[in-house]
Amino acid sequence: MREESIQRIRALVRDVPDFPKPGIVFKDLSPLLADPEGLSLCTSLWQQSFASLELEGIVGIEARGFIFGAALAARCALPFYPVRKAGKLPGPTQQIRYALEYGEDTLEMRAGVLRPKQRLLIVDDVLATGGTCQATADLLRLQGAEPLAAAFVLELGFLEGAQRLGSLQIESLLRL
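All values derive from a computational prediction rather than experimental measurement.

**Q** Help me understand the overall build of the protein chain, please; the structure alone is not making it clear to me.
**A** Looking only at helices and strands, the protein chain has six helices and nine strands in total. Over its C-alpha trace the protein chain gives a radius of gyration of 16 Å, about what one expects of a compact globule, namely 16 Å for 176 residues. Across its three principal directions, the C-alpha atoms of the protein chain cover 40 × 40 × 30 Å. Sorting the 176 residues of the protein chain into buried and exposed places 44% on the buried side.

**Q** Looking at this structure, I do not really get the side chain of Asp124. What am I missing?
**A** Position of Asp124 relative to the elements: it lies in strand β7 (residues 119-127). For the buried residue Asp124, which engages in no salt bridge, the nearest side chain bearing the opposite charge is Arg64, 6.2 Å off. Residues in contact with Asp124, not counting those within four places in the same chain, are Ile61, Arg64, Gly65, Ala151, Phe152 and Val153.

**Q** How do you make sense of the environment of Lys85 when you look at a structure like this?
**A** Mapped onto the fold, Lys85 is located in strand β4 (residues 80-85). Under the relative-accessibility criterion, Lys85 is labelled partly exposed at 29%. Measuring from C-alpha to C-alpha, the distance between Lys85 and Gln169 comes to 24 Å, with 84 residues separating the pair along the chain. With sequence-adjacent residues up to four places away left out, Lys85 is seen in contact with Glu62, Tyr98, Asp105, Thr106, Leu107 and Glu108. There is a polar contact of 3.2 Å between the side chain of Lys85 and the side chain of Asp105.

**Q** What is the right way to read helix α5 (residues 131-142) from this model?
**A** Residues that lie three or four places apart on an α-helix share one face, since the helix turns once every 3.6 residues. With twelve residues, α5 should reach 16 Å at 1.5 Å per residue; the first-to-last C-alpha distance of 16 Å fits that figure. If you check which residues of α5 are buried, you get Gly131, Cys133, Gln134, Ala135, Thr136, Ala137, Leu139 and Leu140. Of the residues one or two after α5, Gly144 is the one with positive phi, at around 90 degrees.

**Q** What exactly am I supposed to notice about the layout of surface pockets here?
**A** Empty space among the atoms can be located by rolling a probe the size of a water molecule over them. Reported here for the largest pocket is a volume of approximately 1,000 Å³. Every residue lining the largest pocket is counted, 37 residues in all, and those nearest its centre are Val126, Leu127, Ala128, Thr129 and Leu156. Grouping the amino acids of the lining of the largest pocket by side-chain chemistry returns 22 nonpolar, five polar and ten charged.

**Q** Sorry if this is basic, but what is going on with helix α4 (residues 64-76) here?
**A** The terminal C-alpha atoms of α4, which comprises 13 residues, lie 18 Å apart, in line with the 18 Å expected from a rise of 1.5 Å per residue. Every buried residue of α4 is accounted for by Gly65, Phe68, Gly69, Leu72 and Ala73. Looking straight down α4, one finds that the buried residues subtend no more than 135 degrees of arc, so they occupy a single side. Where the residues of α4 are buried, they touch α2 (30-33), α3 (36-49), β3 (57-61), β4, β7 and β8 (146-155). Phi turns positive one or two residues past the end of α4, at Ala77, with a value near 55 degrees.

Thresholds applied
Along each chain, the written sequence defines residue order, and numbers are assigned to residues from 1. This being a predicted model, a pLDDT of at least 70 is required before a residue's local features are given, and a value of 80 or more before pairs of side-chain atoms are given or counted; all residues contribute to the totals for chains, interfaces and linings. Hydrogens and water molecules were not included; the side-chain quantities draw on all heavy atoms of the structure. Numbering goes from the N terminus for both helices and strands, where a helix is a DSSP run of H or I of at least four residues and a strand is a run of E of at least two. Between the two quantities, the radius of gyration covers C-alpha atoms and the globule rule is 2.2 Å times the number of residues to the power 0.38. Think of it in three bands: with a 1.4 Å probe and only protein chains considered, a residue is buried below 20% of the maximum accessible area for its type, exposed above 50%, and partly exposed in between. Neither His nor the chain ends is counted toward charge; the positive residues are Lys and Arg and the negative residues Asp and Glu. The term salt bridge refers to a pairing of a side-chain nitrogen on Lys or Arg with a carboxyl oxygen on Asp or Glu at a separation within 4 Å. Residue contacts are defined here by distance: any two heavy atoms, one from each residue, within 4.5 Å place the two residues in contact. Each polar contact in these results corresponds to two N or O atoms within 3.5 Å; when the atoms are within protein, one needs to be able to donate a hydrogen and the other to accept it, and residues that are neighboring in sequence are counted only if both atoms are side-chain atoms. Residue count minus one, scaled by 1.5 Å, sets the expected span of a helix. Grid points spaced at 1 Å over the protein atoms alone were grouped into cavities, where a 1.4 Å probe fits but cannot get out, and pockets, open sets with protein on both sides within 12 Å along at least five of seven lines, with lining residues defined by an atom within 4 Å of a point. Grid points are joined across faces, edges and corners, and a volume is the space filled by probe spheres set on the points. Under the convention adopted here, Pro, Cys and the residues Ala, Val, Leu, Ile, Met, Phe, Trp and Tyr are nonpolar, Asp, Glu, Lys and Arg are charged, and Gly plus all remaining residues are polar. The directions considered for the arc run from the helix axis to the C-beta atoms.

Next comes the structure, spelled out in structure tokens:
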């Protein structure tokens, strides 16, 4: 059953050659998001994978992590917490700066919404280098919470992002 679900999800990911520049094959998740059964399969597989963790909340990374994370939070009857780019949330917020390949970026979330030691799952669409997920985990720790795991639809394994995430349990439904 799991393998059938994975194959169904894989069939809903569209390859877009030469986007955003020549030589890149963009993995478009829009068809997956447009398919209620496909989205439900994603959340069902994640719910099964993380059942033993006794999660107390779901954190979604802007922007597609909001979609997948909120759907999973609703399925699991857990609170959802958005992590956004700087300047998108009313204060007070807590921020973290992190390094990109060329430069830096900032993530933020509302301050004071997490409980100490709250057990959390981070959700995003794609795991590439792992920098954004690592920064999110660090931001959660700054607030006293406990990020336990991270869920992704697609992992670009050749970029080795999972290795950067240390002790987080990783569940990528598709891996390239």
